[in-house]
Amino acid sequence: MCNFIGENSFFGRRCVWVNGPVIVGVGPSGLAVSACLREQGIPFVVIERFDCIASLWQKHTYDRVKLHLPKKFCQLPRLPFPQEYPEYPSKKQFITYLENYAETFDIKSHFNECVLSAKYDEACHFWRVVTVSKTDLTRFETEYMGQMLVVATGENAEGVVPKIDGLEEFSGEVIHAKDYKSGKSYNGKKVLVVGSGNSGMEVSLDLSNHNAKPSMVVRSSVHVLPREIMGKSTFDLAMMLMKWIPLWLVDKLLLILTWFILGNTQNYGIKRPSLGPLQLKNHHGKTLVLDIGAFQKIRSGDITVVPGIKRFNRNSVDLVNGETVDIDSVVLATGYRSNVPY
């Protein structure tokens, strides 16, 4: 698979030649690539900065999370989900599936190695990937050299924390959704959830289910669709319709059916974009929200929808409509980004 071609003890760096791709990240994408390479008999090395596979799922998801899409759309190559799994597997079931996947295809990863740099050597025509491993006493660097590099660190590798006036002055707890686990500790508290995507909606739902009082910031327009329409997955229905009719017409049909199920979301402070949900994803990469119960909580008043934030105070937040809302905690469901550029 790889050859050790030298070690420089002064710099604490070893050099490793890889006879196949260097794969960075051992989440679902890294596992899938590794399995397909293994099946073709192509050697590879997998590098992972954390101490486990699928670290985003294991370390940075809330307890109640389930797959939002049917399992047939989420299974990895060459190994379907167990037949006894439900249509929307839980976090625990998905992690178990991924661990079994790694074992089935004998995918051995180099854990606790963080990539410092990855550069293509134009003169030698191969990649140089430098990683660092740290313990309490040592810091050790490894340089992997190979002709191919696969970056499989995901679209959601890092949480986005926006700059909001006064946030540093707020006296309560402030966390990103990636660090949120459960609403148990928020019982009776007034929690501001900043963001109205899938994470914001689901965190608000979980908080409400644990008797917290969530207010969800909806700053811009967003498409909210039911996860299922007439007992069929909305995503599955869209994929089927796209085989026969154009994308804009699929959007029209989905929005008509959604109106019959959810009604006019604008009546509850959630405006829809002018572009349809699938067209919006296709042209701008903005993901629609698949509702699993949060909208019913909004209609009942258990989740309060508020507009954009003007600034935070010590124990409250000023909104752009002139209102001031008292709050105890803040959850930033403000999205994620890829770490590939840096």
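Model, not experiment: these values are computed from the prediction. (Residues numbered from 1 in each chain as written. Predicted model: local features only at pLDDT ≥ 70, side-chain atom pairs only at ≥ 80, totals over all residues. Heavy atoms only, no water.)

**Student:** How should I be thinking about the packing of aromatic side chains in this particular structure?
**Tutor:** To describe a pair of aromatic rings, one takes the distance between the centres and the angle between the planes. Going through the model one piece at a time under the given rule, you end up with 15 aromatic pairs. Between W17 and F126, the aromatic rings sit 5.5 Å apart at their centres with planes inclined by 80 degrees, giving edge-to-face as the arrangement. Taken together, the residues W17 in strand β2 (residues 13-18) and F126 in strand β7 (residues 126-134) connect sequence positions 109 residues apart. The partly exposed category is assigned to W17, whose relative accessible area is 25%. Given a relative accessible area of 12%, F126 falls into the buried group. Centre to centre, the rings of F73 and F235 are 4.8 Å apart; their planes meet at 85 degrees, and the pair counts as edge-to-face. Pair noted here: F73 is in the loop between α2 (55-59) and α3 (91-104) and F235 is in helix α5 (residues 234-242), with a separation of 162 residues, a long-range link. Overall, F73 belongs to the partly exposed group, its relative accessible area being 32%. Given the relative accessible area of 27%, F235 is considered partly exposed. Grouped by ring-pair contacts, the aromatic residues W57, F81, Y85, F94, Y97, Y101 and F105 constitute a single cluster. (Phe/Tyr/Trp six-rings, centres within 6.5 Å; stacked < 30°, edge-to-face > 60°. Helix = DSSP H or I, 4+ residues; strand = E, 2+ residues; numbered from the N terminus. Buried < 20%, exposed > 50% of the residue type's maximum accessible area, 1.4 Å probe, protein only.)

**Student:** Before we go on, may I ask you to explain unusual backbone geometry in this structure?
**Tutor:** Excluding glycine, a negative phi dihedral is what most residues carry, and trans is how most peptide bonds are arranged. At R78, a residue that is not glycine, the phi angle is positive and equals roughly 75 degrees. Using a relative accessible area of 54% as the deciding quantity, one classes R78 as exposed. Even without being a glycine, N211 presents a positive backbone phi close to 65 degrees. Positionally, N211 belongs in the loop between α4 (198-209) and β13 (213-217). Residue classification places N211 among the exposed residues on the basis of a relative accessible area of 53%.

**Student:** Quick question: what am I supposed to make of the nonpolar core here?
**Tutor:** Note that soluble globular proteins tend to have their nonpolar side chains buried in a common cluster. L31, Y97, L98, Y101, I107, Y180 and L207 are the most contacted members of the largest nonpolar core, which totals 38 residues. Of all elements in the fold, only α1 (28-39), α3, β12 (190-194) and α4 reach the threshold of two or more residues within this core. Other than its neighbours up to four places away in sequence, L31 contacts V26, I53, L76, L98, Y101, A102 and I107. (Core = buried A, V, L, I, M, F, W, Y, C linked by side-chain atoms within 4.5 Å. Contact = heavy atoms within 4.5 Å.)

Treat this as a map of the structure, not an account of what it does.
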